[in-house]
Amino acid sequence: MDLQNITLISFGYFEEDFLKNIAEAVKHEFRFSVNTKEGHLDLSEFYDPGRRQYNGTKLLKEVDSIYSSDSDKSLGLFSVDLFIPILTYIFGQAFLNGRTGIASLYRLSNERYGMNTDDKFILDRFKKEVIHELGHTFGLIHCHIPTCVMRSSTYVEDIDQKSANICIKCRNEMNSILI
Amino acid sequence: MAKKISILIVDDEESVRDSLYNWFIEDGYRVECAENAKRALSMLESDCFDIILADIKMPGMDGLEMLRRIKLLKTDSIVIVITAFATVDTAVQALKDGAFDYITKPFDPDDLSHLIRNASKQISLTEENENLKKRVVSLENVEDLIGNSEAMKKILKDIESVAQSNSSVVITGESGTGKELVARAIHSNSPRKFFPLVSVHCGALTESLLESELFGHEKGAFTGAMYNRKGRFEMADNGTIFLDEIATISTKMQIDLLRVLESKSFVRVGGNKEISSDFRVICATNRDLKSMVEKGIFREDLYYRLNVVNIYVPPLRERIEDIPLLVDYFIKKYCISMNRPPVAIDSAALKRLEEFNFPGNVRELENMIERAIVVGNGKKISLKDLPLEKTIISSSIESLDDLEKTHILQILNKYNWNISRAAKALKVDRVTLYNKISKYGLKPAD
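Note that this is a predicted model, so its numbers are computed, not measured. (Residues numbered from 1 in each chain as written. Chains lettered and ligands numbered in written order. Predicted model: local features only at pLDDT ≥ 70, side-chain atom pairs only at ≥ 80, totals over all residues.)

K.L.:
Would you take a moment to explain the overall build of chain B for this structure?
P.N.:
A tally of helices and strands in chain B yields 18 helices and 16 strands. Taken across its 446 residues, chain B has 33% of its residues classed as buried. Across chain B, contacts joining residues at least 24 apart in sequence account for 69% of those joining residues at least 6 apart. (Helix = DSSP H or I, 4+ residues; strand = E, 2+ residues; numbered from the N terminus. Buried ≥ 20, exposed ≤ 12 C-beta atoms within 10 Å, placed from the backbone. Contact = placed C-beta atoms within 7 Å.)

K.L.:
For this particular structure, what's the right way to read the environment of Pro85 of chain A?
P.N.:
With respect to the helices and strands, Pro85 of chain A occurs in the loop between β6 (82-84) and β7 (87-90). Judged by local crowding, Pro85 of chain A falls into the buried class, with 21 C-beta atoms found within 10 Å. The sequence separation of Pro85 of chain A and Gly56 of chain A amounts to 29 residues, and the corresponding C-alpha distance is 8.6 Å. Those residues in contact with Pro85 of chain A, other than ones at most four positions away along the chain, are Thr57 of chain A together with Glu13, Ser15, Val16, Ser19 and Pro106 of chain B.

K.L.:
Looking at this structure, I do not really get the interface of chain A and chain B. What am I missing?
P.N.:
When the parts of a complex come together, some accessible area is lost, and that lost area is often used as the size of the interface. The interface of chain A with chain B comprises 16 residues on the first partner and 19 residues on the second. Sorting the residues of the side of chain A that touches chain B by element identifies β6 and β7 of chain A as the ones contributing at least two each. Tallying contributions element by element places β7 of chain A first for the side of chain A that touches chain B, with three residues.

K.L.:
Help me understand the sheet that holds strand β2 (residues 33-38) of chain A, please; the structure alone is not making it clear to me.
P.N.:
Backbone hydrogen bonds hold the strands of a sheet together, and the pairing may be parallel or antiparallel. All names here are of chain A. The strand order across the open sheet formed by five strands is β2-β1-β5-β9-β8, and the pairing between neighbours is mixed. Where the open sheet ends on each side, the last strands, each with one partner, are β2 and β8 (92-94). Each strand axis lies, on average, 15° off the axis of its neighbour in the sheet, ignoring direction. Relative to strand β5 (residues 73-78), strand β1 (residues 5-10) runs parallel, the two sharing five bridges. Bridging from a neighbouring strand, Leu8 pairs with Leu75 of β5. In the packing of helix α1 (residues 16-30) onto the sheet, contacts are made with β1 and β2, and the angle to β1 comes to roughly 155°. (Pairing = 2+ DSSP bridges. Axes fitted to C-alpha atoms, helices over the stretch in contact; angles between N-to-C directions.)

K.L.:
Explanation requested: the nonpolar core in the structure shown.
P.N.:
Soluble globular proteins tend to pack their nonpolar side chains together in the buried interior. Among the nonpolar cores identified, the biggest contains 78 residues, and Val26 of chain A together with Ile7, Val10, Ile51 and Leu53 of chain B are the most heavily contacted of them. A total of five residues in this core trace back to one element, the largest contributor, which is strand β4 (residues 78-83) of chain B. Those residues within four positions of Val10 of chain B in sequence are excluded, and the remaining contacts are Ala34, Ala37, Ala40, Ile52, Leu53, Ala54, Asp55 and Met66 of chain B. Membership of the second largest hydrophobic core comes to 40 residues, among which are Met152, Val162, Phe215 and Val260 of chain B. (Core = buried A, V, L, I, M, F, W, Y, C linked by C-beta atoms within 7 Å.)

K.L.:
Sorry, what's going on with the packing of helix α13 (residues 323-337) of chain B against helix α14 (residues 347-355) of chain B here?
P.N.:
Axes are the key here: two packed helices are described by the angle between their axes and the distance separating the axes. Residue and element names in this part refer to chain B. Between α13 and α14, the least distance of the axes is 10 Å, while the angle of their chain directions is 120°. Considered as vectors, α13 and α14 are oriented oblique to each other. Our pair here, α13 against α14, has a crossing hand that is right-handed. From α13, Ile323, Pro324 and Val327 reach across to α14, where they touch Leu350, Leu353 and Glu354. Taken together, the residues of the contact of α13 with α14 break down into five nonpolar, no polar and one charged. (Parallel < 35°, antiparallel > 145°, perpendicular 65-115°, else oblique. Left-handed = near helix turned anticlockwise from the far one by under 90°. Nonpolar A, V, L, I, M, F, W, Y, C, P; charged D, E, K, R; others polar.)

K.L.:
Help me understand the pairing of β1 of chain A in this model?
P.N.:
Successive side chains on a regular strand alternate, one facing one side of the sheet and the next facing the other. Residue and element names in this part refer to chain A. Judged from the six bridges that link them, β1 and β2 form a sheet pairing that is parallel. In the sheet register, Leu8 faces β2, and the bridge partner there is Thr36. Traced from β1 through α1 to β2, the parallel crossover comes out right-handed. (Right-handed = clockwise from strand over helix to strand, strands pointing away.)

Read these as spatial facts, not as claims about activity.
If you want it as structure tokens, here you go:
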């Protein structure tokens, strides 16, 4: 692969430093060049009034159809509550071994769970989610190693338990896929 | 993940199928989708799935009907039903029809993960259970019946052919030839293998004890009957009852046994309630039942009822070509059980074993090898480790009575017919020794 880059597309407002931090972490983990840019979508098309959430499956398909040709891997960053029809919520979603993923920080903040605001927590959690979803686009499935970023997380506590790094087993797997 | 679990998603809504597909594929499962029940059933005809996630409300055939058909088609697939509107009736119906679980959408991601984890655990437990069953069968199968001789091959063939039937079997052969092993092999190859094999050594029990043992007793039936007790026939329900030394049972027991075999029902000692039990009977004896029938000692009707199939286990001296294999088997068995490195046997010792008469048959050989491993140098079994010299080598000895008679005579001669010393050496009292002398007509040599 000649061109090895990842694009992080923000939909909605994200602070510049926050995005920079995320991009640095992604670059460190995947050793790809990482760009950030703003994306524009009319999110009302993906809003489900019955659930008062945004349809993640449709959003993923939309991001994929518009932005996937820009780089090797694209990841849409959202701050809205995502769901898929069968589940009450999701933190993010990606095409396994595909080019696109999405992640949302909506459910990652402390205050949503009645705790004090802590920006460090939300940044760490979002880094892990972004790397996790990008890992799926590289063909990685959920890992059973507790510290691996590819471990499945259904609660924020699960995210806090794992590191922001891909374990050796998953890295070898990813390298074999890339070769 | 040792085995890739396969999941079939059946839902008429594309968005639900896509959501579940993406969710499970990220977990490393093999996932396929079907848009309706008809398509799912056709996929199940050509492919196997460990877990089927099916929506209840679908156009055409609904999820519950599909569940019933899946259970007819693939009973080992785990089916989880999904619905948007949970009602107790639908849930109960789904579970009654064999669903593993029931979930209302949309569900919490963690609930879905738990559900699939539980289903996966169930699959691995089922597989483990199957593997263990196979191992148990192979352990109890025929591996203890060692030999390559024609006689042994015939026994194995007989076991194979009678195991699947429900017929009564009489196993005949000298003591120590392995009649009980044959009975176990028949049971463990039969459709009754997952039910008990209940053994009763008829010769070891008095008539009243045997009656209580076989039929059970009610509390207070006799002195000491403190509790109700199930009999062996009751315990062998759906399984097999093995009656060893059947020739030793009394005339009364023969009548009782015949009645039980004919009706498959009986009454506990001291009870009045008829109890039914579905058992198969396998008997063993070292006596000639046919001649006992001719002499009127054994009931003819019972003989024919029991002797539907006869398997003869020949004595070891009639299959000496099996001795090296048996020796090898017992050496391995005892070296492992005694946690010792494997030992060899020298050719002279093996040759001597092949020439030996073995009145106690395979059991005697087994004991000899066990002893040789205990007393030997730990490297090689030699002639000196085998107690052959101390054993009576006589081709005329066939029955245990003959063996006992010869041994008593030998001890009496050794102590110059001093009854007290001989009784002490034999570890019996003097009265018993006198009775034996009288029974066998023993006299001092001139």
